[in-house]
Amino acid sequence: MAAVVEFETTQAPRLAALVAGPPDRVVAFDGLTPVTRAGFERHVRAVAARLPAAHHAVNLCEDRYRFIVALCAAAVRGQVTLLPSSRAPGVVDAVLGEHPDAICIADADLASAPARTWRLPAVLDELDGPPLQLLADATLVVGFTSGSTGQPRPNPKTLAGFATSTAQNLAAIADLLHPGVTTPLVATVPPQHMYGMEMSVMLPLLGDVAVHGARPFFPQDVARALADCPRPALLVTTPVHLRALVQARTDDPAFSLPAVAGIVSATAPLPRELAQAAEDAFGCEVRELFGSTETCILARRRTALGDAWTPLPGVQLSPQPDGTLASAAHLPAPVPLADLVELLPDGRFELRGRNADLLEIAGKRASLGDLTRRLLAVPGVQDGVVVQLDADAHGVRRIAALAVAPGRTPADILRALRSQVDPVFLPRRLRCVAQLPRNETGKLPRAAVLALLQNSHH
């Protein structure tokens, strides 16, 4: 079968198949029951027939397979799926406030269910019919940025765009997939996030990949999901989850993962030390992906071996004074990025931080990303972040930090940092906390970080 769906042009506007491959291709599984393309399409038709009328849908399903069914059922009904950056009630309410015509789709009872919430049946019905097709250029989903650098912004995506970007993603991980046979995939990232959408929703829809329906969180859950797979799986995860897996192996030498075909990481910078530790612990390659909600995935690298990124096929980056302009076949127009890049002679590139992350104090320069990396390298620090505060009454923007470091004090950490960081860039406020306010994908919304720092007395 083709690795990615081919468009079947009939007459304008274009129509495209919603799911690729022969009817018996396995698209999902839960460890017990595999779901074929034919079975999946029967579920989608049945749910689409029962969905309430609406122009938009917010998909809050926890089970990954049910999320994919609900997404496709909404699309069949002509409903655009809205993807808030998290399922926190306040974040969902903000999106619903901008789209009062939307319904919410859930697969379980919610503690604070929004109005017009429709729940999937406990047992999915089936309905026969022709293969599912959609308008290729109509908006399929709208992804919202996480708000880690400001207010969330909407980013519409089409099936045509996803088909092109999925072909690029398959090329980027081709050597991690099983040739000639369906590759199982286990993901810890929620499908509502654009990285989760690309790697755990569009891959099984358009590639020869079968996704596990669960979203494991704790290391033992990840191990159980991987054990459900008929052959070594691709693990799609984040630095936060990867650090937890490595820590579980450190704390308990008896802890192990079943054989893994490869590990893919995104959503936040992956420290080289963590990538190396994960490769040593689990005996497979860790491949980091670079992208954004606005652009989807643009580049890849093996972080354990170097800093340089390889652009995906068709991706072009053009450095600008205040960032980078990204062009790709799946993007309708070039997209400006805040990331600063240095193009290398061999076609690869290296990240040089973000324009907003660059610091200049007393004629000296540093970046918040590098300072955070040095904080994480302090022995005993399990998680941490360095930020620049908003300007005070005198226009001064001080540097502050949060650290998760059981048994260590702020004074201990600052003492260790002094040997690694220029004094002008040492945090003037450093607070030790039980955990950082990360969202479901491990990102740190700036507002949540500042709120935690404001309660600091250190």
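Look above for the structure.
Small disclaimer: the values here were computed from a predicted structure and weren't measured.

**Student:** Looking at this structure, I do not really get the sheet that holds strand β27 (residues 429-432). What am I missing?
**Tutor:** As a general point, the strands of a sheet are linked pairwise by backbone hydrogen bonds and lie either parallel or antiparallel. On the basis of which strands lie adjacent, the open sheet formed by 3 strands has the order β25-β26-β27 and mixed pairing. The open sheet terminates on both sides in strands that have one partner only, identified here as β25 (383-388) and β27. The sheet shows a mean angle of 15° between the axes of neighbouring strands, direction not considered. Alignment of strand β26 (residues 399-404) against β27, held across 4 bridges, turns out to be parallel. Pairing of Ala403 across the sheet is with Cys432, part of β27.

**Student:** Can you walk me through the packing of helix α7 (residues 239-251) against helix α8 (residues 272-282) in this structure?
**Tutor:** Packed helices, taken two at a time, are described by the angle their axes make and the gap between the axes. The N-to-C vectors of α7 and α8 enclose an angle of 50°; their axes lie 10 Å apart at closest approach. When the axis of α7 is compared with that of α8, the two are oblique. Relative to α8, α7 is oriented so that their crossing is left-handed. In this structure, α7 contributes Pro239, Leu242, Arg243, Leu245, Val246 and Arg249 to the contact, and α8 contributes Leu274, Ala277, Ala278, Ala281 and Phe282. Per-class residue counts for the contact of α7 with α8 are 9 nonpolar, no polar and 2 charged.

**Student:** I would appreciate a short explanation of the packing of aromatic side chains in the present structure.
**Tutor:** Given two aromatic rings, their pairing is described by the distance between the two centres and the angle made by the two planes. Tallying each qualifying case throughout the model produces 4 aromatic pairs. When the centroid spacing of 4.9 Å and the interplanar angle of 85° are considered together, the rings of Phe217 and Phe218 count as edge-to-face. The structure contains a cluster of three or more aromatic residues connected by ring pairs, namely Phe290, Trp309 and Phe349.

**Student:** Before we go on, may I ask you to explain helix α9 (residues 368-376) in this structure?
**Tutor:** Residues three or four positions apart in an α-helix share a direction because the helix packs 3.6 residues into each turn. Listed in full, the buried residues belonging to α9 are Leu368, Leu371, Thr372, Leu375 and Leu376. In an axial view of α9, the angular spread of the buried residues amounts to 140°, which keeps them on one side of the axis.

**Student:** Whenever I open this one, the pairing of strand β13 (residues 233-237) confuses me. Can you help?
**Tutor:** Residues in a regular strand point their side chains to alternate faces of the sheet. In terms of burial, β13 is largely enclosed, as 5 of its 5 residues are buried. What you see with β13 is no split at all: Ala233, Leu235 and Thr237 on one side and Leu234 and Val236 on the other are buried throughout. Sheet analysis places strand β11 (residues 183-187) next to β13, joined by 3 bridges and oriented parallel. Across the sheet, residue Ala187 finds its bridge partner in β13, namely Val236. Bridging between β13 and strand β14 (residues 260-265) involves 5 bridges; their strand directions are parallel.

**Student:** In this structure, what is going on with the environment of Ala113? I would like to understand it.
**Tutor:** Looking at where Ala113 falls in the secondary structure, it is placed in the loop between β6 (103-106) and β7 (117-119). Residue Ala113 is classed as partly exposed on the basis of its relative accessible area, which comes to 45%. Along the sequence, Ala113 and Phe282 sit 169 residues apart, while their C-alpha atoms lie 40 Å from each other.

**Student:** Would you mind going over the sheet that holds β14 with me for this structure?
**Tutor:** Read across the sheet, 9 strands follow the order β3-β2-β12-β11-β13-β14-β15-β16-β17 without closing on themselves; strand pairing throughout is mixed. Strands at the two margins of the open sheet, each flanked by one partner only, are β3 (34-36) and β17 (310-311). Relative to β13, α7 is tilted by about 115°, and along the sheet it contacts β13, β14 and β15 (286-292).

**Student:** Even after reading the chapter, I still don't get unusual backbone geometry, so can you show me in this structure?
**Tutor:** Both trends apply: most residues other than glycine have a negative phi, and most peptide bonds are in trans. The phi dihedral of Thr267 falls on the positive side, at around 90°, and the residue is not glycine. Position of Thr267 relative to the elements: it lies in the loop between β14 and α8. Since its relative accessible area comes to 18%, Thr267 is described here as buried. Located in the positive-phi region is Cys296, a residue other than glycine, with phi close to 65°. When you line up the elements, Cys296 lands in strand β16 (residues 296-301).

**Student:** For this particular structure, what's the right way to read the nonpolar core?
**Tutor:** Judged by nonpolar contacts, the single largest core of 79 residues is most densely connected at Phe40, Ile105, Met197, Met199 and Leu205. Counting 27 residues, the second-largest nonpolar core is a separate cluster that includes Val186, Ala233, Leu235 and Val246.

**Student:** When you look at the packing of helix α4 (residues 159-172) against helix α5 (residues 194-206) in this model, what are you seeing that I'm missing?
**Tutor:** One can describe the packing of α4 onto α5 by two numbers: an axis separation of 10 Å at closest approach and a directional angle of 90°. Viewed along their axes, α4 and α5 adopt a mutual orientation that is roughly perpendicular. On the side of α4, the interface is formed by Leu159, Phe162, Ala163, Ser165, Thr166, Asn169 and Leu170, while α5 contributes Met194, Met197, Glu198, Met199, Met202, Leu203 and Leu206. Tallied by class, the residues present in the contact of α4 with α5 amount to 10 nonpolar, 3 polar and 1 charged.

How each quantity is defined
Residues numbered from 1 in each chain as written. Predicted model: local features only at pLDDT ≥ 70, side-chain atom pairs only at ≥ 80, totals over all residues. Heavy atoms only, no water. Pairing = 2+ DSSP bridges. Helix = DSSP H or I, 4+ residues; strand = E, 2+ residues; numbered from the N terminus. Axes fitted to C-alpha atoms, helices over the stretch in contact; angles between N-to-C directions. Parallel < 35°, antiparallel > 145°, perpendicular 65-115°, else oblique. Left-handed = near helix turned anticlockwise from the far one by under 90°. Contact = heavy atoms within 4.5 Å. Nonpolar A, V, L, I, M, F, W, Y, C, P; charged D, E, K, R; others polar. Phe/Tyr/Trp six-rings, centres within 6.5 Å; stacked < 30°, edge-to-face > 60°. Buried < 20%, exposed > 50% of the residue type's maximum accessible area, 1.4 Å probe, protein only. Arc of directions from axis to C-beta. Core = buried A, V, L, I, M, F, W, Y, C linked by side-chain atoms within 4.5 Å.

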